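Spelled out from the first residue to the last, the chains are:
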There are 2 protein chains.
Amino acid sequence: MEAKEILKTHVAKLASLTDDQFEYFFSFFKKQHFKKGQAIISEGDAVDCEYFVISGCLKSFFINDDLKMFILQFAMPTWWASDYNALYNHTRATISVDCISDTEVLCLSNADREKLCSELHQAEHFFRWRTNKGYVAANKRLLSFMNNNVKCRYEELLKLYPELYNIVPKTLIAAYLGVSRETLSRLHQA
Amino acid sequence: MEAKEILKTHVAKLASLTDDQFEYFFSFFKKQHFKKGQAIISEGDAVDCEYFVISGCLKSFFINDDLKMFILQFAMPTWWASDYNALYNHTRATISVDCISDTEVLCLSNADREKLCSELHQAEHFFRWRTNKGYVAANKRLLSFMNNNVKCRYEELLKLYPELYNIVPKTLIAAYLGVSRETLSRLHQA
DNA sequence: TTCTGAATGTGATGTAGGTCACACAGCTAC
DNA sequence: GTAGCTGTGTGACCTACATCACATTCAGAA
């Protein structure tokens, strides 16, 4: 499926745009290709865009003072990624985004999103519900962190996104779960 | 300050409503009073409303199979609370909400919020940005969980919301930080 | 007053997961 | 080929936090 069709199907799930409106909506997105390992947003960057994944896989992550990496999100096709804190507050990136595999994205700038939202009521509706869903998901993950041990969280992740098991190195899955790769590896034993 | 004024000031930070529009906006909210300890949403309830706190303090929390409580959020004046998963997806509550102190809220139903959002573009704008900010905050808390030990998270919490230290029992602060009350208590020693 | 029950502190001990160290397999580059 | 790099497993040991038990303080009710 073509990028435009993928976005259209995705948007239609949350908002009602006429074909003309969607053409206008789509006109603000820029297609970009990145190679495996390539950085899209690096710590310290000015952040101007968010990215809608068409194919491939991104990760958004944080690296602490001890150089330990924590993954906030894997972004598969039809997912969005950016450093939203930096994007919304016009600050420098503290979250980085890079490519786990060769990836094709549609890029939307902050200014263009706001323009779209102010001109098209249904665009504002779409982005409200996109974030509503993200908010609920983030809170679910928070609860899972507080309530469940690593094994539960790992099984939960694999149940939600079985495709990750094959695409993503275990080291990165450990960084998403917030444990060491050694501990994740030892889960097989039990 | 009166409830209407508090909401007006709060909304004005994110959206531009004329006085007439705000009157209309406000007309959908119902004022409610609750006593300390009173439940607003209990596990298993149908969830129809979200609550804007005027005075007092709420907590939203989850209780697991071992009867351990985890606090998702303290809601102080000008904060919103509900079980958003249940509210948005029309499912039964898994998150409960109750009163830490006597509390006055403005209650908005799901249907009324959607009506407002579809009729008033600026209302949709307001709710989009409210959730955007919540989303960013939830992700910050997630990172803090992965990256920081209990002491850091406790200090972070007190720096952000110093008023909690006096209002809220330590047991509840421990439930927010995701540690036992004993461990929290022992932080004084170090 | 005395009793009761929250809220908090603190000692002893258990455990999940972290850290360090090393091994080995599979790739790619030359 | 072999050198080097990434990904993964696993043993030995360490640490942060949990759990259980008990003590203390304070507020409100009888």
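Before reading further, recall that the structure is shown in the block above.
Residues numbered from 1 in each chain as written. Chains lettered and ligands numbered in written order. Predicted model: local features only at pLDDT ≥ 70, side-chain atom pairs only at ≥ 80, totals over all residues. Heavy atoms only, no water.

Undergrad: Can you break down the relation of the copies chain A and chain B residue by residue, with the values?
TA: Of the two same-sequence chains, chain A is brought onto chain B (RMSD 0.0 Å, axial shift 0.0 Å) by a rotation of 180°. What the superposition gives is, in effect, a two-fold axis relating one chain to the other. Of all interface residues in chain A, 100% are interface residues in chain B too; the two copies therefore contact each other through one and the same surface. (Least-squares fit on C-alpha atoms with pLDDT ≥ 70 in both. Contact = heavy atoms within 4.5 Å.)

Undergrad: I'd like to hear about the packing of aromatic side chains, residue by residue, with values.
TA: Across all of its chains, the model carries 33 aromatic pairs over all chains by this definition. Note on A:Y24 and A:F28: the rings are 5.1 Å apart at their centroids and 90° apart in plane angle, and the pair reads as edge-to-face. Centre to centre, the rings of A:F145 and B:F145 are 6.3 Å apart; their planes meet at 50°, and the pair counts as tilted. Of this pair, A:F145 sits in helix α5 (residues 121-147) while B:F145 sits in helix α5 (residues 121-147), each in a different chain. For A:F145, a relative accessible area of 12% corresponds to the buried category. Here the guanidinium or amino end of A:K170 rests over the ring plane of A:Y165, the centre of that ring lying 4.1 Å away. (Phe/Tyr/Trp six-rings, centres within 6.5 Å; stacked < 30°, edge-to-face > 60°. Helix = DSSP H or I, 4+ residues; strand = E, 2+ residues; numbered from the N terminus. Buried < 20%, exposed > 50% of the residue type's maximum accessible area, 1.4 Å probe, protein only. Lys NZ or Arg CZ within 6 Å of the ring centre and 35° of its normal.)

Undergrad: Give a description of the side chain of B:K59 that names residues and reports values.
TA: All names here are of chain B. With respect to the helices, strands and loops of the structure, K59 is situated in strand β4 (residues 58-63). We classify K59 as buried; its relative accessible area is 8%. Of note is the side chain of K59, whose polar atom sits 2.8 Å from the side chain of D98. (Polar contact = N/O pair within 3.5 Å; in protein donor to acceptor, adjacent residues only side chain to side chain.)

Undergrad: Residue-level account of the protein's contact with DNA strand D, with values.
TA: By nearness alone, 19 residues border DNA strand D, and A:K170, A:R181, A:R186, B:T183 and B:R186 come closest of all. Counting only atoms of DNA strand D within 4 Å of the protein, the sugar-phosphate share comes to 47%. Backbone polar atom of B:V150 to a phosphate oxygen of DNA strand D: 3.1 Å apart, as the coordinates give it. The side chain of B:R186 places a nitrogen or oxygen atom 2.9 Å from a base oxygen of DNA strand D. Residue assignment for the surface near DNA strand D shows that the elements contributing at least two residues are α8 (170-177) and α9 (181-186) of chain A together with α9 (181-186) of chain B. Here the surface near DNA strand D is composed, by residue class, of 3 nonpolar, 8 polar and 8 charged. (Near = heavy atom within 4 Å. Nonpolar A, V, L, I, M, F, W, Y, C, P; charged D, E, K, R; others polar.)

Undergrad: Lay out the interface of chain A and chain B in plain terms, naming residues and giving numbers.
TA: When the parts of a complex come together, some accessible area is lost, and that lost area is often taken as the interface size. At the junction of the two partners, chain A supplies 40 residues and chain B supplies 40 residues. For the pairing of chain A and chain B, the buried interface totals around 3600 Å² over both sides, and the portion due to carbon and sulfur atoms is 69%. Linking chain A to chain B there are 4 salt bridges. Taking the shortest distance from any N to any O, the salt bridge between B:E124 and A:R128 comes out at 2.8 Å. Here chain A and chain B share 16 residue pairs in polar contact (both at pLDDT 80 or more) between them. Looking at the side of chain A that touches chain B, its residues break down into 20 nonpolar, 13 polar and 7 charged. (Buried area = accessible area lost by both parts, 1.4 Å probe. Salt bridge = Lys/Arg side-chain N within 4 Å of Asp/Glu carboxyl O.)

Undergrad: Run through the sheet that holds strand β8 (residues 103-109) of chain B, naming residues and quoting values.
TA: Residues and elements named next belong to chain B. Spatial strand order, β1-β8-β3-β6: 4 strands in an open sheet with antiparallel pairing. Only two strands of the sheet have a single partner each, and these edge strands are β1 (30-34) and β6 (80-81). Here strand β3 (residues 49-55) runs beside β8; their pairing, made up of 6 bridges, is antiparallel. Among the inter-strand pairings, S55 is bridged to a residue of β8, identified as E104. Running at roughly 65° to β8, helix α4 (residues 110-119) makes contact with β3 and β8 of the sheet. (Pairing = 2+ DSSP bridges. Axes fitted to C-alpha atoms, helices over the stretch in contact; angles between N-to-C directions.)

Undergrad: Lay out the protein's contact with DNA strand C in plain terms, naming residues and giving numbers.
TA: With respect to spatial proximity, 19 residues lie near DNA strand C, and among them A:T183, A:R186, B:K170, B:R181 and B:R186 are the closest. Between DNA strand C and the protein, one listed contact pairs a base oxygen with a side-chain N or O atom of B:R181 at 2.8 Å. Between a phosphate oxygen of DNA strand C and a side-chain N or O atom of B:S185, the distance comes to 3.2 Å. Secondary-structure elements contributing two or more residues to the surface near DNA strand C are α9 of chain A together with α8 (170-177) and α9 of chain B.

Undergrad: If you had to explain the packing of α4(B) against α5(B) to someone new, which residues and values would you point to?
TA: Residues and elements named next belong to chain B. For the pair α4 and α5, interaxial distance at closest approach is 5 Å and the crossing angle is 120°. Between α4 and α5, the angle falls in the class oblique. Facing R113, L116, C117, S118 and E119 of α4, the residues of α5 in contact are H121, A123, E124 and F127. (Parallel < 35°, antiparallel > 145°, perpendicular 65-115°, else oblique.)

Undergrad: Tell me about α5(A), and please be specific about residues and values.
TA: Each full turn of the α-helix corresponds to 3.6 residues, which orients residues three or four apart in the same direction. The terminal C-alpha atoms of α5(A), which comprises 27 residues, lie 39 Å apart, in line with the 39 Å expected from a rise of 1.5 Å per residue. Of all 27 residues making up α5(A), 21 are buried, and the element is well covered by its neighbours. (Expected span 1.5 Å × (residues − 1).)

Undergrad: How would you sum up the sheet that holds β4(B)? Please name residues and give values.
TA: Residues and elements named next belong to chain B. On the basis of which strands lie adjacent, the open sheet formed by 4 strands has the order β2-β7-β4-β5 and antiparallel pairing. Either end of the sheet is taken by a strand with one partner, and the two such strands are β2 (39-41) and β5 (69-75). Shown here is a sheet whose adjacent strand axes are inclined to one another by a mean of 30°, direction ignored. Bridge count between β2 and strand β7 (residues 96-99): 2 bridges; the pairing is antiparallel. Paired with A39 across the two strands is D98, which belongs to β7.

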